[in-house]
Amino acid sequence: ETITVQELANRMAERATEVIKQLMKLGVMATINQTIDADTAELVVQELGHTIKRVTAADVEEGILGNQDETDEEQQPRPPVVTIMGHVDHGKTSLLDAIRSADVVRGEAGGITQHIGAYQVNLASGNKITFLDTPGHAAFTEMRLRGATVTDIVVLVVAGDDGIMEQTVEAINHAKASEAPIIVAINKMDKPDANADRVRQELLQHELIVEEMGGDIQTVEVSAKTKMGLDKLEEAIMLQAELLELKANANRAAIGAVIEAKLDKGRGSVATVLVQKGTLNVGDIFVTGSEWGRVRAMTNERGQKLKSAGPSLPVEVLGLNGTPSAGDDFIVVENDAKAREIAAYREQKKKDLAAAAAGRGSLEQMLAKLKEGKAEELPVIVKADVHGSMEAIATSLQKMNTDEVKVNILHTGVGAINESDITLAQSTGAFVIAFNVRANPQAREMSRREKVDIRYYSIIYNVVDDVKAAMSGLLEPEQ
Ligand code: GDP
């Protein structure tokens, strides 16, 4: 446990120079941004005549009303939260629009919507479904990396005339890593050359076994254009929701997750929050990430003001003191003193973690585990210039499995390494095998920042060599 000189001074409402002076008396030379250990900090606090209160994780958690115990009887069914993924141009936007136009309460507000990243649709059947409208697969996994599991079900859109493409595979692999069940919507079935059976066949190659072939993956044939099959898609989602037994207690302080956040010129920091448990009310005091605030106003996607929001409802919240990140939690606490305390504690922890993590990527941790025999899988991502090389590498790697360690190929693809590859690698401790391909600038920058190893090859033999070394934990991380 450590604290910076500045932070310690802040908490005591003393000047930093005063703290530095006390430290010098103790023989510790420190600058304002340097961290000192808890014991040293305690001495300084005593010297300056303040009382010591070490904040532990348990103390902090105590103030989180969202962590109250609850009984099974208090749990009520809640609407499912769905993310739509798929290849570009396969109809994700069209499908969302078609579903949204079926919303029975939508007409009342004149149908003017604003993008807030999520919305709930009220269907004629009385069912409600919440859709997340976040951009891209990378965003989906980034959110998960921050600890948020918000998506209950993934709807994978595949155009019936086009079949499984590059980003479809990407989506499948991100969805699998999240462990959310997948429903496949085979879209554009109005087109004469659409072939749903071919899509079902192709899914098999990605270990998605559809119900028609004895598996448990539901497929629904739809057309966003003619709105054919949308009722079937709703049924499939509700069936899956039932299997998942999605429930939450609405009668408690709210706990949720940030879907999107931005700094708005006129309104200050605004965040779209998905309430996961409890009910969020105007006036509630909350912590989100290392920010806090008081709910000043809440609106839905139609711009309507709400006084309260229950489980699975996304709302745009005004009243934040800073801008959180997508995937941060959102928890209601007793009062603003508590909110400040938790936010400060988290801010400090964030700095500690950043300091500890510098120069130590997740691959390194994975390699350490492999070395100690504590990991049974080596996760890798393979990108190659042509399909043939990709297949050849995948086959060679699969042959290397031993009783102790298995090579887990999370994703293979043809083309440059993109951000989606990096987030997937980051969330799993994998490294990226680049065979005769490069990383795009964004992915390169991200890999540097997130310490994800990209290894470049032009000879398969060298790939095999490195993977063999990695399997026994003997590979040297490159960053
Ligand atoms: P996205 O990139 O996945 O969001 O795809 P869009 O929703 O933007 O759709 C891409 C193109 O496919 C657009 O020109 C749509 O009009 C068209 N499209 C989408 N769904 C259908 C469909 O069910 N049938 C037909 N014929 N065209 C569709």
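Coordinates for the structure precede this section.
Note that the structure is predicted; figures quoted are calculated from it, not measured.

Which residues make up helix α9 (residues 230-244), and what values go with them?
Taking 1.5 Å per residue as the helical rise, α9 with its 15 residues ought to reach 21 Å, and the 21 Å between its terminal C-alpha atoms agrees with that figure. Those residues of α9 that fall on the buried side of the exposure criterion are Leu-230, Leu-233, Glu-234, Ala-236, Ile-237, Gln-240 and Ala-241. Down the axis of α9, the sector holding all buried residues measures 160 degrees, keeping them to one side. Of the residues in α9, the exposed ones pointing more than 90 degrees away from the buried face are Glu-235, Glu-242 and Leu-243.

Can you explain the layout of surface pockets? Please cite residues and give values.
The computed volume of the second largest pocket comes to approximately 810 Å³. Lining the second largest pocket we find 25 residues, and of these Val-169, Gln-205, His-206, Ile-409 and Thr-412 sit closest to its centre. Within the residue set of the lining of the second largest pocket, elements represented by two or more residues are α7 (166-178), α12 (387-398) and β21 (406-414). Broken down by element, the lining of the second largest pocket gets its largest block of residues, 9 residues, from β21. Among the residues forming the lining of the second largest pocket, the class breakdown is 10 nonpolar, 10 polar and 5 charged.

Residue-level account of empty space enclosed by the protein, with values.
For the structure on display, the rule yields 1 cavity of 30 Å³ or more. In this model, the largest cavity occupies a volume close to 30 Å³. Looking at the largest cavity, the residues that line it are Glu-260, Ala-261, Lys-262, Val-270, Ala-271, Thr-272 and Glu-316. When contributions to the lining of the largest cavity are tallied by element, the ones reaching two or more residues are β11 (255-264) and β12 (268-277). Of the residues in the lining of the largest cavity, the class split is 3 nonpolar, 1 polar and 3 charged.

Would you mind going over the pattern of salt bridges in detail, with residue names and values included?
Considering all chains together, one arrives at 22 salt bridges under this definition. Measuring nitrogen to oxygen at the nearest pair gives 2.0 Å for the salt bridge that ties Glu-301 to Arg-100. Here Glu-301, found in the loop between β15 (291-299) and β16 (305-306), pairs with Arg-100, found in helix α5 (residues 92-100); they are 201 residues apart in sequence, far enough to count as distant. No difference in accessibility class separates Glu-301 from Arg-100, as the two residues are buried. Taking the shortest distance from any N to any O, the salt bridge between Arg-267 and Glu-316 comes out at 3.1 Å. Here Arg-267 is found in the loop between β11 and β12, whereas its partner Glu-316 is found in strand β18 (residues 314-320), with 49 residues between them in sequence.

With reference to specific residues and values, describe helix α2 (residues 16-25).
If you check which residues of α2 are buried, you get Ala-16, Val-19, Ile-20, Gln-22 and Leu-23. For α2, the arc enclosing every buried residue in end-on projection is 160 degrees, short of the 170-degree limit, so these residues lie on one face. Buried residues along α2 sit in contact with α1 (5-12), β2 (35-37) and α3 (38-47). Phi for Gly-27, located one or two positions after α2, is positive at around 85 degrees.

Describe in detail the environment of Glu-364, supporting the description with residues and values.
Looking at the secondary structure, you find Glu-364 in helix α11 (residues 362-371). Taking the C-alpha atoms as reference points, Glu-364 and Ala-439, 75 residues apart in sequence, are found 21 Å from one another.

Before we move on, could you go through unusual backbone geometry and cite the residues and values that matter?
At Asp-89, a position not held by glycine, the phi torsion is positive, near 70 degrees. On the secondary structure map, Asp-89 appears in the loop between β4 (81-86) and α5. A positive phi angle, near 65 degrees, is found at Lys-227, a position not held by glycine. Along the chain, Lys-227 turns up in the loop between β9 (218-221) and α9.

Describe the pairing of β12, and please don't skip the residues or the numbers.
Across the 10 residues that make up β12, a large majority, 7, are buried. As judged from the 9 bridges shared by β11 and β12, these two strands associate in the antiparallel manner. Across the sheet, Gly-256 pairs through a bridge with Val-275, a residue of β12. The antiparallel pairing of β11 with β12 creates a hairpin that spans 3 residues between the two strands. Relative to β18, β12 runs antiparallel, the two sharing 5 bridges.

Help me get a handle on the sheet that holds β9, residues and values and all.
What the 6 strands build is an open sheet, ordered β5-β6-β4-β7-β8-β9; its pairing is mixed. Strands at the two margins of the open sheet, each flanked by one partner only, are β5 (118-122) and β9. Here the strands of the sheet are splayed against their neighbours by 30 degrees on average, with no regard to which way each runs. In terms of strand pairing, strand β7 (residues 153-159) meets strand β8 (residues 182-187) through 6 bridges, oriented parallel.

Reading the values: rules and limits
Residues numbered from 1 in each chain as written. Predicted model: local features only at pLDDT ≥ 70, side-chain atom pairs only at ≥ 80, totals over all residues. Heavy atoms only, no water. Helix = DSSP H or I, 4+ residues; strand = E, 2+ residues; numbered from the N terminus. Expected span 1.5 Å × (residues − 1). Buried < 20%, exposed > 50% of the residue type's maximum accessible area, 1.4 Å probe, protein only. Arc of directions from axis to C-beta. 1 Å grid on protein atoms, 1.4 Å probe; cavity = no way out; pocket = protein on both sides within 12 Å on 5 of 7 lines; lining within 4 Å. Points joined across faces, edges and corners; volume = space filled by probe spheres on them. Nonpolar A, V, L, I, M, F, W, Y, C, P; charged D, E, K, R; others polar. Salt bridge = Lys/Arg side-chain N within 4 Å of Asp/Glu carboxyl O. Contact = heavy atoms within 4.5 Å. Pairing = 2+ DSSP bridges. Axes fitted to C-alpha atoms, helices over the stretch in contact; angles between N-to-C directions.

Structural measurements only, silent on function.
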